[in-house]
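# Tertiary structure, described
Each chain is listed here by its residues.
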Amino acid sequence: MESSGGRAEGSGRGPRVLVVGSGIAGLGAAQRLCRHPAFQQLRVLEATARAGGRIRSERGFGGVVELGAHWIHGPSQGNPVFQLAAKYQLLGEKDLSEENQLIETGGHVGLPSVSYASSGVSVSRELVVEMASLFYSLIDQTREFLHTADAPVPSVGEYLKKEIRQHVAGWTEDEETRNLKLAILNSFFNVECCVSGTHSMDLVALAPFGEYTVLPGLDCTFPGGYQGLTNCIMASLPEDVIVFNKPVKTIHWNGSFREALSPGERFPVLVECEDRTCFPAHHVIITVPLGFLKEHLDTFFEPPLPPQKAEAIRKIGFGTSNKIFLEFEEPFWEPDCRHIQVVWEDTSPLEDVTSGLQHVWFKKLIGFLVLPSFASVHVLCGFIAGLESEFMETLSDEEVLLSLTQVLRRVTGNARLPAPRSVLRSCWYSAPFTRGSYSYVAVGSTGDDIDLLAQPLPEEGAKAQLQILFAGEATHRTFYSTTHGALLSGWREADRLIALQDPQAQLPGPWL
Ligand SMILES: Cc1cc2nc3c(=O)[nH]c(=O)nc-3n(C[C@H](O)[C@H](O)[C@H](O)COP(=O)(O)OP(=O)(O)OC[C@H]3O[C@@H](n4cnc5c(N)ncnc54)[C@H](O)[C@@H]3O)c2cc1C
């Protein structure tokens, strides 16, 4: 194996630290460490050619589209992503206003502007409002089971369905209306799958569901793209700190490694990359996505992780949620339309889907957001989660465009609706260094598994402390799946190293 060369080796003072991954967790950790004089020997190893990870803004349709993170969830003073974005002047005036910061959404998605049914008619607003209110009141009720040992059923999905069955028994309308109400509810289940990044709400654990914390503030976007934030963090780092196109293959720990340039020194960790270069280090902060960790668990650590830690990685959920952008020559929607819901009348949350994915994948699509920031072009952004989303990734752009044109013609009742001009989509499941979108607490796991995942190794008492530290969105117990959870986790691990090196340091934590 070749030894690495360049900035970090032998030249600086203090411990040698490697950060694996340059998403917001890795960049956040690096920024914090760089600001401390004890951490002169720092490197970030990134598998791909770009920083930002699941924050990914691309130029498209004459503007910016977000293939990954879309909103700042809960943009208010307690949200470090909001604070940083405000500091870097990346947000609009309205998003910064006190008024916006005080709005409590409860984390619920707003009502659609229009709801189309698969028979080509608009669904009555009254029914949609009634079903939204039922669905979200049931979602709110799940908080009752937080920290209780005796949740009535294992999953959020089963709980919602159990409650819905009771409601259905009291519905007095004709069968057609009752079926339509169930179909609307099914659409809200699909929305919740996108929010949770899961195939089915039956996979999401009920008791810990309420532990996810929603901050106040009306979700906002970055006018110039989310990636402006990670670009700003990156710009604050010394120039050659990040090494791109350096996929890490195996992390050898609990060892005593040497390197030619510093013959007297011993390092407890050796990071081996796919190209066979090796980086000895005292500490490594791992920020790779949980999807990557799940897939490479057997080969990524040598010696293997302690069984409990490996079990936590297997148990915590990690699913897929994707976006499909469609560009139209002319809008078919009203000027004030913000959100189009699609309701498949032959679906119900109380019935399982039986047909093959190729015939029904598009029924998981929740509908479309109208993207506001495009002046001369007209762009819709569709959201789709689960196995259907993963199946969509296997199709060509032409196949996706054709299927969605057929869907739109059918639901609008306009067989001559012009096809979209172009399509652009995310494919997070196929991305080899992500393997999905974000984490959730799956049936069989709890928030304790998240804490276990976040614990550094080796466990307490070992001679060489804090060899491997774990950050990334899946390691934050209450803000998992978000950019702010990821950023806080990076800061948390940087602070852990700073406290080890400099016990007198004034740290801004404890972090939320
Ligand atoms: C479609 C989608 C929509 C989302 N919407 C929102 C939203 O609206 N709001 C929100 O708050 N959050 C959202 N999220 C979640 C948010 O994007 C993530 O929680 C956050 O960006 C994760 O940051 P991270 O640093 O933990 O991981 P990542 O950003 O995934 O960074 C990990 C880095 O590690 C690198 N890596 C992986 N393997 C290796 C290896 N072997 N060697 C070296 N490097 C490696 C990867 O290439 C990547 O750059 C969304 C995510 C997706 C996918």
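Please read all numbers here as calculations on a predicted model, not as lab measurements.

### Things to note about the overall build of the chain
- Secondary structure summary: the chain contains 15 helices and 22 strands in total.
- Relative to its length of 512 residues, the chain is compact, with a C-alpha radius of gyration of 24 Å against a globular reference of 24 Å.
- Overall, the C-alpha framework of the chain stretches about 80 × 55 × 45 Å when taken along its three principal axes.
- Per-residue burial over the chain gives 56% buried out of 512 residues.
- For the chain, the exposed area adds up to about 21,900 Å²; of that, 52% sits on carbon and sulfur atoms.
- One finds the centroid of the 42 positive side-chain charges in the chain at a distance of 6 Å from the centroid of its 60 negative side-chain charges.

### Comments concerning the sheet that holds strand β3 (residues 41-45)
- Judged by pairing direction, the sheet is parallel, and its five strands sit side by side in the order β7-β3-β2-β13-β22 without closing on themselves. Each edge of the sheet is formed by a strand with only one pairing partner; in this case those strands are β7 (242-243) and β22 (468-470).
- Here strand β2 (residues 16-20) runs beside strand β13 (residues 283-286); their pairing, made up of four bridges, is parallel. Looking at the pairing, V19 lines up with I285 of β13.

### So, the site of the ligand
- In the neighbourhood of the ligand, 40 residues make up the surrounding shell, with E46, R54, W71, V248 and T483 lying closest.
- In this structure, an oxygen atom belonging to the ligand sits 2.7 Å away from a side-chain N or O atom of E46.
- In this structure, an oxygen atom belonging to the ligand sits 2.9 Å away from a main-chain N or O atom of E473.
- The fraction of the free accessible surface of the ligand (1,000 Å²) that becomes covered by protein chains is 97%.
- Elements with a minimum of two residues in the shell around the ligand: α1 (24-34), α9 (290-300) and α15 (483-501).
- A breakdown of the residues in the shell around the ligand according to their chemical character gives 20 nonpolar, 16 polar and four charged.

### Looking at the nonpolar core
- One finds F135, I184, L185, F188 and F325 to be the most contacted residues of the largest nonpolar core, which totals 48 residues.
- Where this core is concerned, the elements lending two or more residues are α5 (125-141), α6 (156-170), α7 (175-196) and β19 (378-385).
- If one sorts the elements of this core by residue count, α7 sits on top with ten residues.
- Filtering out sequence-adjacent residues up to four positions away, I184 remains in contact with V123, L127, V128, M131, Q341 and V343.
- In terms of nonpolar packing, the next biggest core, distinct from the first, is built from 44 residues, I24, L91, V241 and A494 among them.

### Observations concerning helix α8 (residues 227-235)
- Burial in α8 covers these residues: Q227, G228, L229, T230 and I233.
- Against the buried residues of α8 lie α1, β4 (57-60) and α2 (80-87).

### Overview of α1
- Of all eleven residues in α1, ten are buried; the element is thus mostly enclosed.
- Looking only at α1, the buried set comprises I24, A25, G26, L27, G28, A29, A30, Q31, R32 and L33.

### Re the pattern of salt bridges
- Within the structure shown, the criterion is met by 23 salt bridges.
- Residue E473 is joined to R54 by a salt bridge in which the shortest nitrogen-to-oxygen separation is 2.9 Å. Of the two residues, E473 is situated in the loop between β22 and α15 and R54 in the loop between β3 and β4; the sequence distance between them amounts to 419 residues.
- Look at E473 and you get buried, because its relative accessible area is 5%.
- For R54, a relative accessible area of 22% translates into the label partly exposed.
- Here D451 makes a salt bridge to R477, at a shortest N to O gap of 2.6 Å. With D451 in helix α14 (residues 447-454) and R477 in the loop between β22 and α15, this pair connects stretches of sequence that are 26 residues apart.

### Structural notes on the confidence of the model for the chain
- Taken as a whole, the chain shows an average pLDDT of 94; of its residues, 96% reach a score of 70 or greater.
- Here residues 5-11 is a poorly scored stretch, pLDDT under 50, and it has 19 contacts once near neighbours within four places are set aside; other chains count.

### Side note on unusual backbone geometry
- Note the cis peptide between E302 and P303, where omega equals -5°.
- Relative to the elements of secondary structure, P303 occurs in the loop between β14 (301-302) and α10 (307-315).

### Remarks on empty space enclosed by the protein
- In total, this model carries three cavities of 30 Å³ or more according to the counting rule given.
- Reported here for the largest cavity is a volume of approximately 80 Å³.
- Here the residues of the lining of the largest cavity sort into nine nonpolar, two polar and two charged.

### Notes on the packing of α9 against α10
- Axis separation between α9 and α10 bottoms out at 9 Å; the angle between their running directions is 120°. Put simply, α9 runs oblique to α10. The handedness of the crossing between α9 and α10 comes out as left-handed. Contacts between α9 and α10 involve L290, L293, K294 and L297 from the first element and A310, I313, R314 and K315 from the second.
- Of the residues contributing to the contact of α9 with α10, the split by class is five nonpolar, no polar and three charged.

Parameters and conventions
Residues numbered from 1 in each chain as written. Predicted model: local features only at pLDDT ≥ 70, side-chain atom pairs only at ≥ 80, totals over all residues. Heavy atoms only, no water. Helix = DSSP H or I, 4+ residues; strand = E, 2+ residues; numbered from the N terminus. Rg over C-alpha atoms; globule rule 2.2 N^0.38 Å. Buried < 20%, exposed > 50% of the residue type's maximum accessible area, 1.4 Å probe, protein only. Areas by Shrake-Rupley, 256 points an atom, 1.4 Å probe, with all protein chains shown as cover. Lys, Arg positive; Asp, Glu negative; His and termini not counted. Charge placed at Lys NZ, Arg CZ, Asp CG, Glu CD. Pairing = 2+ DSSP bridges. Near = heavy atom within 4 Å. Polar contact = N/O pair within 3.5 Å; in protein donor to acceptor, adjacent residues only side chain to side chain. Nonpolar A, V, L, I, M, F, W, Y, C, P; charged D, E, K, R; others polar. Core = buried A, V, L, I, M, F, W, Y, C linked by side-chain atoms within 4.5 Å. Contact = heavy atoms within 4.5 Å. Salt bridge = Lys/Arg side-chain N within 4 Å of Asp/Glu carboxyl O. pLDDT = per-residue confidence, 0-100. 1 Å grid on protein atoms, 1.4 Å probe; cavity = no way out; pocket = protein on both sides within 12 Å on 5 of 7 lines; lining within 4 Å. Points joined across faces, edges and corners; volume = space filled by probe spheres on them. Axes fitted to C-alpha atoms, helices over the stretch in contact; angles between N-to-C directions. Parallel < 35°, antiparallel > 145°, perpendicular 65-115°, else oblique. Left-handed = near helix turned anticlockwise from the far one by under 90°.

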